[in-house]
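Summary of the model geometry
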Amino acid sequence: MPSAQINQPSNQIRLTNVSLVRMKKGKKRYEIACYKNTVTSFRAGHETDLDSVLQIPNVFVNVSKGQVAPNEDLKKSFPGMSRDEIVLEILNKGEIQVGEKERGAELERMQREVVEIVAGRLVDPKMGMIEKALDQLSSQGGHAVGRQAAKGQEGGAAADRSNSREQSTATTDSGEASVEGEAAADKAKPKWTGVTTNKSAKSQALEAMKALIAHQPIPVARARMRLRITCPTSILKQTVKAPATKPASDDTSEEAVKGTVKDKILSFVEQVESQDVLGEEWEVVGFVEPGSFKTLSEFVSTQTKGRARAEVLDMAVTHEGD
Amino acid sequence: MPVVPPEKLVKLQQQGQGIRNICILAHVDHGKTSLTDALIATNGIISPKLAGKIRYLDSRPDEQLRGITMESSAISLYFSLLRRNAPEAEPERKEYLINLIDSPGHIDFSSEVSTASRLCDGAVVLVDAVEGVCSQTVTVLRQTWLEKLRPLLVINKMDRLITELKLSPSEAYTHLSKLLEQVNAVVGSFALGERMEDDLRWRERIDEKVTAAVAAKGQHAGDGTNGVSKGRKASLAEDDEGLVTSSTPAEYEEKEDEDIYFEPERNNVIFSSAIDGWAFTPRQFAGLYEKKLGIKRHVLEKVLWGDFYLDPKTKRILGPKHLKGRHLKPMFVQLVLEQIWAVYEATLGGPNKKGDPVLLGKITKGLNLSLPAHVMRSKDPKALLSAVFSAWLPLSTALLVSVIEQLPNPPTAQEARLPALLAASPGAEYINAEIKDAMTYFKPGKGQPVVAYVSKMVSVPESELPVNKRRGGMLSADEARELGRKKRAEIEKAQARANGEADVASVSDALSSAAIGDADELTGASEPEAELNEDPEHLIGFARLFSGTLTVGDEVYVLPPKYTPARPHAHPQPRRVKITALYLLMGRSLESLDSVPAGNLVGIAGLEGAILKSGTICSHLEGAPNLSSTNAISKNAPIVRVALEPAFPGDLDKMIRGLRLLEQADPAVLYEQLESGEHVICTAGELHLERCLKDLRERFAKCDIQAGEAIVPYRESIVRAEEMNAARDPALGRGRVEGVTTSKQVTIKLRVRPLPVPVTEFLVKHTGAVKRLYSERKAQDQERASPLGGDGTTGDALEDASEQDIDAEDTTAEGGHELSLAEFKQRLADAFAEEKTDKDVWKDVVDKIAAFGPRRVGPNVLIDLTEDNLCEKFLREEHEAPADNPNHANKHTSTFADKVAYAFQLATHQGPLCSEPLQGIAVFLESLTIHSSPEESAQNIGRLTGETIRTTRDAIRSGFLDWSPRILLAIYSCEIQASAEVLGRVYGVISRRGGRIVSESLLEPSTNFTILALLPVAESFGFSDEIRQRTSGFAAPQLVFEGFEMLDEDPFWVPTTEEELEDLGEKADRENVAKRYVDKVRARKGLVVDRKVVESAEKQKTLKR
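These numbers were taken from a predicted model, which means no experiment stands behind them.

A few points about the packing of aromatic side chains
Residues and elements named next belong to chain B. In total, this model carries 19 aromatic pairs over all chains according to the counting rule given. Seen in terms of ring centroids, Phe271 and Phe280 are 5.3 Å apart; in terms of plane orientation they differ by 25°. Their pairing is stacked. There is no split in this pair, since Phe271 and Phe280 are both buried. For the ring pair Trp305 and Phe332, a centre distance of 4.9 Å and an interplane angle of 75° mean the geometry is edge-to-face. With Trp305 in the loop between α13 (297–303) and β8 (309–310) and Phe332 in helix α14 (residues 331–347), this pair connects stretches of sequence that are 27 residues apart.

In structure tokens:
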């Protein structure tokens, strides 16, 4: 007993390799002591050995003070559970502290996933290059974006696209570019600031793609979908119905008031590969920007009451030769 | 020695008899470039003092730095010789032009050797006296053999025998004769191999040749009397005598016998020490001793090498039989080696290693040499040594005299070599007789057809072209002196830096910096760096002219390597180009020429873009020979593959341009862009790769470039394994999945099965055919669409489609394109019929195939088993019109069938294991039901589309995983030639990298083995380098992409049964190889990997930070 009270190096317990999992249940806070960087693996099922996750197989009220949770409290909060079950419950459902390595691993995984998705949806993909280009974009941060946006407003979008490459290289050289006033114009271009773990890889990939296409650190273009749209000829000549019938198609509806169905469909198709009329059917094969596919297919199905079809031939045409 | 003006060289180019085109070949570090230095010094281009140290032809900075040659380079040298036509006649002065090519010895650059040797008529093969025959020596000897070059053997580094090994003269003699035997054994093995081939060929034709044989036999008997009886001769005769020799013309055999072996008495062996600047042939000594001994010179020449002894009393030459127990030294030891040893003793030996002045005095007096006083007083014994030798046995004389006497001039050489060369070229029978004649009989006249062979393209910065130099490149005496002074100053500085030790690198540094300074003066540019950057690169063809005369402004045809005179106008059409300039190749500098006659080496400008790597130039189009396609050039396939990317992404275009240039400038580089968008170059070795990267960074691309491992493709598949986990849902059966969309409106039932192996193989082989069928079908649809659509246009459409296809896809399969639809179906059905187990499943399946995948051409099939055939049939016959479904509801369902087909493409494109394409699975679509009214579903078709696709894809994936999944590795087939000693080590390397030996066979008649192995591409990074290192270069692998091979191991396998648990423990101690590959790919793609973040959590660093 006395040795426990004398403060000596050998009997100090330091909370160094500890990561806490906390849970509030029945107005009480419970904690368990785990090793660092293990809880996410355990939850993902990669770690199966409980002993290499838990430091002490016990439930605490406060780990740092060494206060073990009283049995009565536990019984009240977790009725009908043994202590081991409670530990597991907390481990699986409590809030965790994400360790340094865990975060690093997750970020890296996310980064790769995003790059993989981006590479799959750009024309002429260059895996390593995309990774580097994204790094470049995120390291430039707001500076380059702001400057380019300002330039873009002066010179028009087309000029901007061609210029942006030189500019982005120029800005890396002169890092301390003046920022005044440019922050306001910042919104014009999508920017990319690196991956985060709290958004899905797919949505991040979409952002990354937009930023890449806007800044063009390497020449890239979004791969387009190839669609085959068939439609009875009788419908083709009809004027597009009033938007009132379909409130969901929001942005397209104003312009769609005038013009025939055919015009409308063709306006979606960026590049027409072939266009034929066979009997009663009109068929067009062409490339469509992936972003507008949804509106197109909605339009096709609503306007023609399902008699016209939009069929996906290729999700992403990444090579010109295809 | 005075500098030889280029005008003189140009004049000499006109005289075919006085030209010698030679290349210098040897193993790494056997002294090629040092030897070349000594020859260059004779023309006053460099100082004789620096010869052997400066390595003039190593013009690249990295060559100087590393001390090895990397690129072959040529120089033209002048040599004059006093010659007596008859013994009594007045000596006549004859002038010679020697076109010399120095080649690299490292194995990575062996392609340079093969290109160099094709340009030449003779070869000088160097062998290190100490190291003897090395791996590359064998290679170069084989090269000379194949190219039918007359070789000259130089045993170099003789000084090492004296100073390093400290052999006595007699020991050295034994050593040398053994060395010579080794070399001759190598050459003999080539000759034997060829003779056996001849023999074989002859045996096949024996009946036709009976009469000819009889005639030849008589001739042979006549030849035999004056023939030299060598060992090989005897072996020749033992075969059913006379008949064998008759298979080839008798005189051919005779010549062969004479030529192939190296024998000092025939003066094709030179003993030398390039570093000390001496060399001799026995003939030289024969001349020296002629008077002294009173023995006829030609007799002496014969007996100076070999077991001949000089009787000290009678002064007569004795054979070994007449020795009678006396202990005499062979004549070579007594008369030759001992003298040389004495010189070394006198200069480097002595009591305190400072030489022996008394002995030296004796020697100089005896040899009637006079050494300059300052040399005699010199403290440096080396200087003394080289002074003695340069006065007594200068290297250049021995070598150049032998070259001129032994090696053929272009007219004779072409007459001997070209018929065989032309016969081996493609379409030989179509070659125009006139051109053939002109080439064989060496007609340099103006009107004669011009034929030249361009062996490689050399990239030269614009500033180094003579056009841009202020005056013709030739330095005036003043300038030369100035430059020399500068260089000396630099060298002194360098020496001071290196503590008085003139190490080679710093000297070379000094030289190059002096050169740059000079360029500065000439162009007046302020910054050499800046100037360098502005220099565009020019490509100059490194060529040998075989006939005719080439003049600046001539228009000639450039024949690509695939050209054949049989079809001169075939695609790609030979291009007609204008020669913009001609250059005399002088090592690192070029001299402009106006015209060049046949038999010379020349640099040709104006070929940029017309020749990629090598090619033939001809003044005629029809009947021109193609010299560039014949075997020798493509012997060394590039084997080290790396992916390149610029360090800064914006430089991508620059890099691609640089890569294209590099591919042109280096015959051993292959550049390709992969489907994944990677830029991959293949180089001949790691060292070669390093050089290419340096070239790219500094010359071609001028941006920073990083190299990395190329991405390796995989495939995923399933098999019916012996023991599988229980099917997920026993009620449905294995692989059957019922998917319901989240909105519960669409239900999809499908079943996944592994395709029978023959079917998969068939589909993999005929990818091209499927693609073509697909495009045909599209064409048909279009045609039906057009109102005129009669059957008449079908043929055209088909042809169009298949033509497109030929461009788009190359199939390795036997005639994948010729398969018509019916044939394709038939053979596919046959393939299905081969499967024995589930006959009923695969019956009539061919007609129900709805699609192939991924990308609509892959080796997976979607089979439609629905009752009303929702999907369009892929392999329908032409006359079957697409089934028009009058039923409205049906049509509605078929909208979703499209989505299912699309989901099938998606699922097969990215498999569940690691998102790699699938191979060899069949998806049976069993039913597709929609639980809502058409109107309702039409309303939210957008949502349903997504749901259907997702559900189907997931269903296919889970069906896939219900079977035993497998991963397929990309495989290289690897051919390795190795000698018996290193066989074990080769096996070790292959098995450690997960490869497997397919076959091993002895390569008759040599002792080499040919090993055929399969090696996963994923493990091939650094393979060739490792195998070379482990076998000291005696094994050379060649890798060719073979296809995909299944790794028969379930990546998800864990021990389950009691027995397995007992054997392997719960965690399966044995590593699951398949899982390792899968995890690697998953980690690369950012997919979830079943791996702990930290291995042992309790042992993490516990210090608080």
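Quick look at the sheet that holds strand β23 (residues 705–708) of chain B
Residues and elements named next belong to chain B. Taken in spatial order, the four strands of this open sheet run β21-β22-β20-β23, and their pairing is antiparallel. Each end of this open sheet is capped by a strand with a single partner; those strands are β21 (670–673) and β23. Direction aside, the axes of adjacent strands within the sheet are offset by 35° on average. One ladder, built from four bridges, connects β21 with strand β22 (residues 679–683); its direction is antiparallel. Its bridge partner being in β22, Gln673 is matched across the sheet by His679.

Topic: the side chain of B:Asp651
All names here are of chain B. When you line up the elements, Asp651 lands in the loop between β20 (640–646) and α24 (652–665). Buried charge without a salt bridge: Asp651, with Lys654 as the nearest opposite-charge side chain at an N-O distance of 4.0 Å. Sequence-distant contacts of Asp651, defined by excluding residues within four places in its chain, comprise Pro646 and Cys703.

Focus: α14(B)
Residues and elements named next belong to chain B. Spanning 17 residues, α14 covers 24 Å between terminal C-alpha atoms, matching the ideal 24 Å at 1.5 Å per step. Along its length, α14 shows its largest kink, about 40°, at Leu337. Of all 17 residues in α14, 12 are buried; the element is thus mostly enclosed. Those residues of α14 that sit buried are Met331, Phe332, Val333, Leu335, Val336, Leu337, Ile340, Trp341, Val343, Tyr344, Ala346 and Thr347.

Some words on a negative patch on the surface
Residues and elements named next belong to chain B. There is a patch of like negative charges on the surface, built from Glu1058, Glu1059, Glu1062 and Asp1063. Mapped onto the fold, Glu1062 is located in helix α36 (residues 1058–1064). Among the residues examined, Glu1062 registers a relative accessible area of 70% and is labelled exposed.

Looking at the packing of α14(B) against helix α17 (residues 381–392) of chain B
All names here are of chain B. One way to put it is that α14 packs onto α17 with a least axis distance of 9 Å and a crossing angle of 150°. It follows that α14 is roughly antiparallel to α17 by the angle criterion. The chirality of how α14 crosses α17 is right-handed. Counting all contacts with α14, which are made through Gln339, Ile340, Val343, Tyr344 and Thr347, the residues of α17 involved are Pro381, Leu384, Leu385, Val388, Phe389 and Trp392. Split into classes, the residues belonging to the contact of α14 with α17 amount to nine nonpolar, two polar and no charged.

Details of the sheet that holds strand β28 (residues 860–864) of chain B
What links the strands of a sheet is backbone hydrogen bonding, and the strands pair in either a parallel or an antiparallel sense. Residue and element names in this part refer to chain B. Spatial strand order, β25-β26-β29-β28-β27: five strands in an open sheet with mixed pairing. Strand pairing shows two members of the sheet lacking a second neighbour, β25 (736–740) and β27 (849–853), which therefore form its edges. Across the sheet, the mean angle separating the axes of adjacent strands is 25° when strand polarity is ignored. Direction of pairing for β28 relative to strand β29 (residues 921–930): parallel, over a ladder of four bridges. Among the inter-strand pairings, Ile863 is bridged to a residue of β29, identified as Phe924.

Conventions adopted
Think of each chain on its own: its residues are numbered from 1, step by step along the sequence as written. Chain letters start at A and ligand numbers start at 1, both assigned in the order the entries are written. Local features are withheld for residues below a pLDDT of 70 in this predicted model, meaning they are given only at 70 or higher, and side-chain atom pairs are given and counted only at 80 or more; totals for whole chains, interfaces and linings count all residues. The side-chain numbers reported here are obtained from all heavy atoms of the structure, hydrogens and water having been left aside. Ring geometry is summarised as follows: Phe, Tyr and Trp rings, the Trp one being its six-membered ring, pair when their centres sit within 6.5 Å, and such pairs are stacked at plane angles under 30 degrees, edge-to-face over 60 and tilted between the two. In this scheme, a residue with accessible area under 20% of its type's maximum is buried, one over 50% is exposed, and one in between is partly exposed, where area comes from a 1.4 Å probe on protein chains only. Counting from the N terminus, the helices are DSSP H or I runs at least four residues long and the strands are E runs at least two residues long. DSSP-based pairing: two strands are paired if at least 2 bridges between them are found. Every axis in this analysis is a line fitted to C-alpha atoms, fitted for helices over the stretch in contact. Angles between the N-to-C directions lie between 0 and 180 degrees. Positive charge is attributed to Lys and Arg, negative charge to Asp and Glu, and no charge count is given to His or to the chain ends. Basic side-chain nitrogens of Lys or Arg form a salt bridge, by our definition, when they fall within 4 Å of a carboxyl oxygen of Asp or Glu. Any two residues whose heavy atoms approach within 4.5 Å are treated as being in contact. The span one expects for a helix is its residue count, reduced by one, times 1.5 Å. Here the bend at each residue means the angle between axes fitted to two seven-residue stretches, the one ending at that residue and the one beginning there. Patches were defined on residues exceeding 30% relative accessible area and lacking a salt bridge, with like-charge contacts within 9 Å and nonpolar side-chain contacts (Val, Leu, Ile, Met, Phe, Trp, Tyr) within 5 Å. Computed with the Shrake-Rupley method and a 1.4 Å probe, the accessible areas treat only the protein chains shown as cover for residues. For this purpose, a charge sits on NZ of Lys, CZ of Arg, CG of Asp or CD of Glu. Working definition: roughly parallel below 35 degrees, roughly antiparallel above 145 degrees, roughly perpendicular at 65 to 115 degrees, and oblique for all remaining angles. Here is the rule for handedness: rotate from the far helix to the near one, and if that takes an anticlockwise turn smaller than a right angle the crossing is left-handed, while a clockwise turn gives right-handed. Classification used: nonpolar for Ala, Val, Leu, Ile, Met, Phe, Trp, Tyr, Cys and Pro, charged for Asp, Glu, Lys and Arg, polar for all others including Gly.

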